[in-house]
Amino acid sequence: MKTIAVISMAGGAGRTTLAATLAVLLARRGREVVALDFDPQNMLGAWLGLDTLAPRGIAKALTDASETWHTHTWRSDEGVLFVPHGNVTLDEAAACDAHLAAHPQWLERAIGEIALPESGVVLIDTPRYPSRQAQQAARAADLVLCVCPPEPAACGGFVAHLPALREACADVRIVVNRLNPAREMQRDVLAMLRAAAAGLPVAQRIHMEAALPEAFARGGWIVDEAPQSQASHDLHGLAEHVDAWLPALEASLAA
Ligand SMILES: Nc1ncnc2c1ncn2[C@@H]1O[C@H](COP(=O)(O)OP(=O)(O)O)[C@@H](O)[C@H]1O
Ligand SMILES: [Mg+2]
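Residues numbered from 1 in each chain as written. Chains lettered and ligands numbered in written order. Predicted model: local features only at pLDDT ≥ 70, side-chain atom pairs only at ≥ 80, totals over all residues. Heavy atoms only, no water.

Going by an unreviewed UniProt entry, the chain carries the name Cellulose biosynthesis protein and comes from Caballeronia concitans.

Is there a simple way to think about the overall build of the chain in this case?
Within the chain, the secondary structure is distributed over 12 helices and eight strands. Its C-alpha atoms give the chain a radius of gyration of 17 Å, within 12% of the compact-globule value 18 Å for 255 residues. C-alpha atoms of the chain, sized along the principal axes, occupy 55 × 45 × 35 Å. Looking at the 255 residues of the chain, the share that counts as buried comes to 50%. Considering only intrachain contacts with a sequence separation of at least 6, the fraction spanning at least 24 residues in the chain is 81%. Accessible surface, the chain: about 11,500 Å² in total, of which carbon and sulfur atoms supply 52%. (Helix = DSSP H or I, 4+ residues; strand = E, 2+ residues; numbered from the N terminus. Rg over C-alpha atoms; globule rule 2.2 N^0.38 Å. Buried < 20%, exposed > 50% of the residue type's maximum accessible area, 1.4 Å probe, protein only. Contact = heavy atoms within 4.5 Å. Areas by Shrake-Rupley, 256 points an atom, 1.4 Å probe, with all protein chains shown as cover.)

Where do I start with the site of ligand 1 in this structure?
In the vicinity of ligand 1, 14 residues are found, and the nearest of them are R15, T16, T17, R178 and E209. E209 is positioned such that a nitrogen or oxygen atom in its backbone is 2.9 Å from a nitrogen atom of ligand 1. For ligand 1, whose free accessible area comes to 560 Å², the fraction covered by protein is 83%. For the shell around ligand 1, the secondary structure elements donating two or more residues are α1 (15–28), β7 (172–179), β8 (202–207) and α9 (211–217). Examining the composition of the shell around ligand 1, we find that three residues originate from one element, α1, more than from any other. Here the shell around ligand 1 is composed, by residue class, of five nonpolar, six polar and three charged. (Near = heavy atom within 4 Å. Polar contact = N/O pair within 3.5 Å; in protein donor to acceptor, adjacent residues only side chain to side chain. Nonpolar A, V, L, I, M, F, W, Y, C, P; charged D, E, K, R; others polar.)

Is there a simple way to think about the pattern of salt bridges in this case?
A pair can form between side chains of opposite charge whenever their charged atoms are brought close. For the structure shown, the criterion picks out nine salt bridges. The salt bridge involving E78 is made with R28; its shortest N-O contact spans 2.8 Å. Linking E78 in the loop between β3 (74–75) and β4 (81–83) with R28 in helix α1, this pair joins segments that are 50 residues apart in sequence. For E78, a relative accessible area of 30% gives the class partly exposed. A relative accessible area of 39% places R28 in the partly exposed class. When the shortest N-O distance is used, the salt bridge between D64 and K60 registers 3.3 Å. For K60, a relative accessible area of 25% translates into the label partly exposed. (Salt bridge = Lys/Arg side-chain N within 4 Å of Asp/Glu carboxyl O.)

Just checking my understanding: could you explain the side chain of Q204 for this structure?
If you trace the backbone, Q204 turns up in strand β8. Excluding residues that lie within four positions of it along the chain, Q204 makes contacts with I174, V175, V176, D234, G237 and L238.

Where do I start with the pairing of strand β2 (residues 33–37) in this structure?
Two faces make up the sheet, and in a regular strand the side chains alternate between them. Of all five residues that make up β2, five are buried, and the element is covered over most of its length. Across the two faces of β2 the burial is the same, with V33, A35 and D37 and V34 and L36 all buried. Where β2 lies against strand β5 (residues 121–125), five bridges are found, and the strand directions are parallel. By the bridge assignment for β5, A35 is matched with L123. (Pairing = 2+ DSSP bridges.)

Written as structure tokens, this is what we have:
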């Protein structure tokens, strides 16, 4: 079983979009997938089929010692097991942060309780890095997918925080998301990102696609609704990259 954290230094970079899409594409390839929403925004469930934001989830266990962190696990239509974050008030969010500060190994221990086959994968959605949640996710992960929009502001955060992220996880790979080749400025920012990434592999570049949020709004997937689009091709490429990195499927499952 491997753990992958989807992290970014910029807000709205596409972490939740990519975590959810990867979860489904890997499940369709026959992988057993557990998706953890470790972001107080609590949005991963919306991608995985919940009509309303899950009221309870991981957060409950951070503020209530009698609660088990996976009590509120759901199974999506496509067989992805996922644990929502749960809605939190400002005070509850502060209490969660305090608990994570006092227990830096909290997420690692929780993931240690997950029983998946060798070929299984745990995907973690996170709030913007740096945050306690993203830091714990990076430390618990075998692989960090660092989502970078080719925008100047996002590039600044990337440069500032990449060293700490690399210290937290030995295998960090870049996913450029919202690529728009028509915007000349993006070419300069991509060159800056490449220089700052100092040899880190780029797992995939994913193009900007207006139909992507529209598909989500209809409760569908861009890879089904616009399978010929560049973004769908890119998303399959990312799933292929991760699938090739994961241990091979067991013979019984692959058969
Ligand atoms: N490649 C893309 N093309 C177009 N829209 C995208 C793309 N990736 C993400 N989005 C949209 O950008 C918004 C923010 O994405 P989200 O995954 O919620 O970001 P984060 O979790 O990093 O805050 C969403 O509306 C999402 O549908
Ligand atoms: Mg998100």
